[in-house]
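Coordinates in review
Chain residues, written in single-letter form:
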Amino acid sequence: MSKVELYAAIRRDHRGGMSMRELERKHGVTWRTVRKALDSSWPEPRKKLPPRATTLDPYKPVIDEILRADLDAPRKQRHTVTRIFHRLVEEHGADVSYGVVRYYIASRKPEILVESGKAPLEAFVPQTHLPGHEAEVDFGDVTVRLGGELVTCYLFSFRLSYSGRAVHRVFASCGQEAFFEGHVHALRALGGVPRTKVRYDNLKAAVARVLGQSRGRVEADRWIAFRSHFGIESFYCRPGIEGAHEKGGVEGMIGYFRRNHFVPAC
């Protein structure tokens, strides 16, 4: 049980008339936890601990200096992680592991590029979703063994954006019939349709033509009739890599499902 679920259970039992002491005994928590649950339905975020000192700390300025110098060095004569590690050991007597050095360089190198103005500063706006309001849909390919041969099939995935709950189904193709059947199966399993929008990329089963780089689409007639019947409000992500992040949840879910249920290929 997650902490959010624990808080919800405590608040529900309290509304049912349980006392503080009864809540403590039933849920196996202290009075402080009960008090926090009754004061707020959302747990306080865990406090971040200050970073612990490591054996690499004295040598971080040295690494930073090397990385900055590499910005103006010939492209084929810049330091590798191995070369930096050897220099720390040979020139500075550092007693550090290669893995620690590699981990630090992997995180610090992009920061130095941004600080130098030689790489654009990327900013991300986190997505927020209301319960039951939005979902994401996509197909992903999977390899299965049919009749003793490896065959490529297609995994339909319908994922609720807030809870992350997903419904999957494997089809022999990713055509319009499979697209529709996947929706019917998912909506039946979930017990309803999202209240606002369902996010899609430019699947041929739904989109007849993309109108430039905007969100304008000419939808397939059968898809318009299908989603109208179920009351689905479609939202199309931007074409190409720019729109990939707009439904990253379902893409990640397909990868998770593939790794956990189709490895090894069966």
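Everything below is about the structure shown above.
To keep things clear, this report deals only with the structure shown in the data block. No experiment lies behind these values; they were computed from the predicted model shown.

What follows deals with the packing of helix 4 (residues 60-70) against helix 6 (residues 98-115). Where helix 4 meets helix 6, the axes come as close as 10 Å, and the angle between the chain directions of the two elements is 50°. Compared by their axis directions, helix 4 and helix 6 come out oblique. In this structure, the crossing between helix 4 and helix 6 has a hand that is right-handed. Of the residues in helix 6, those in contact with Lys 60, Ile 63, Asp 64, Leu 67 and Arg 68 of helix 4 are Val 101, Tyr 104, Ile 105, Arg 108, Lys 109, Ile 112 and Glu 115. Looking at the contact of helix 4 with helix 6 residue by residue, the class counts come to 6 nonpolar, no polar and 6 charged.

On the basis of which strands lie adjacent, the open sheet formed by 5 strands has the order 3-2-1-4-7 and mixed pairing. Because the sheet does not close on itself, it has two edges, and the strands there are strand 3 (166-171) and strand 7 (233-236). On average, each strand axis in the sheet is tilted by 35° relative to the strand beside it, whichever way the strands run. Relative to strand 3, helix 7 (residues 176-190) is tilted by about 145°, and along the sheet it contacts strand 1 (135-146), strand 2 (149-160), strand 3 and strand 4 (197-200). Across the sheet, helix 9 (residues 248-261) lies against strand 1, strand 2 and strand 3, angled at about 20° from strand 1, the strand it touches most.

Before going further, it helps to spend a moment on the packing of aromatic side chains. Scanning the model with the defined rule gives 14 aromatic pairs in all. Aromatic pair Phe 85 and Tyr 98: ring centres 5.7 Å apart, planes at 85°, arrangement edge-to-face. With Phe 85 in helix 5 (residues 81-92) and Tyr 98 in helix 6, this residue pair connects regions lying 13 residues apart in the sequence. On the basis of relative accessibility, which here comes to 33%, the residue Tyr 98 falls in the partly exposed class. Seen from their ring centres, Tyr 200 and Trp 223 are 5.4 Å apart, and the 80° between their planes marks the pair as edge-to-face. Taken together, the residues Tyr 200 in strand 4 and Trp 223 in helix 8 (residues 221-230) connect sequence positions 23 residues apart. Residues Tyr 200 and Trp 223 agree in their burial class; the two are buried. A network of ring pairs unites the aromatic residues Phe 139, Phe 156, Phe 179, Phe 180, Tyr 200, Trp 223, Phe 226, Phe 230 and Tyr 236 as a single cluster.

Cut-offs and rules
Residues numbered from 1 in each chain as written. Predicted model: local features only at pLDDT ≥ 70, side-chain atom pairs only at ≥ 80, totals over all residues. Heavy atoms only, no water. Axes fitted to C-alpha atoms, helices over the stretch in contact; angles between N-to-C directions. Helix = DSSP H or I, 4+ residues; strand = E, 2+ residues; numbered from the N terminus. Parallel < 35°, antiparallel > 145°, perpendicular 65-115°, else oblique. Left-handed = near helix turned anticlockwise from the far one by under 90°. Contact = heavy atoms within 4.5 Å. Nonpolar A, V, L, I, M, F, W, Y, C, P; charged D, E, K, R; others polar. Pairing = 2+ DSSP bridges. Phe/Tyr/Trp six-rings, centres within 6.5 Å; stacked < 30°, edge-to-face > 60°. Buried < 20%, exposed > 50% of the residue type's maximum accessible area, 1.4 Å probe, protein only.

Everything listed here is a matter of geometry and, on its own, says nothing about what the molecule does.
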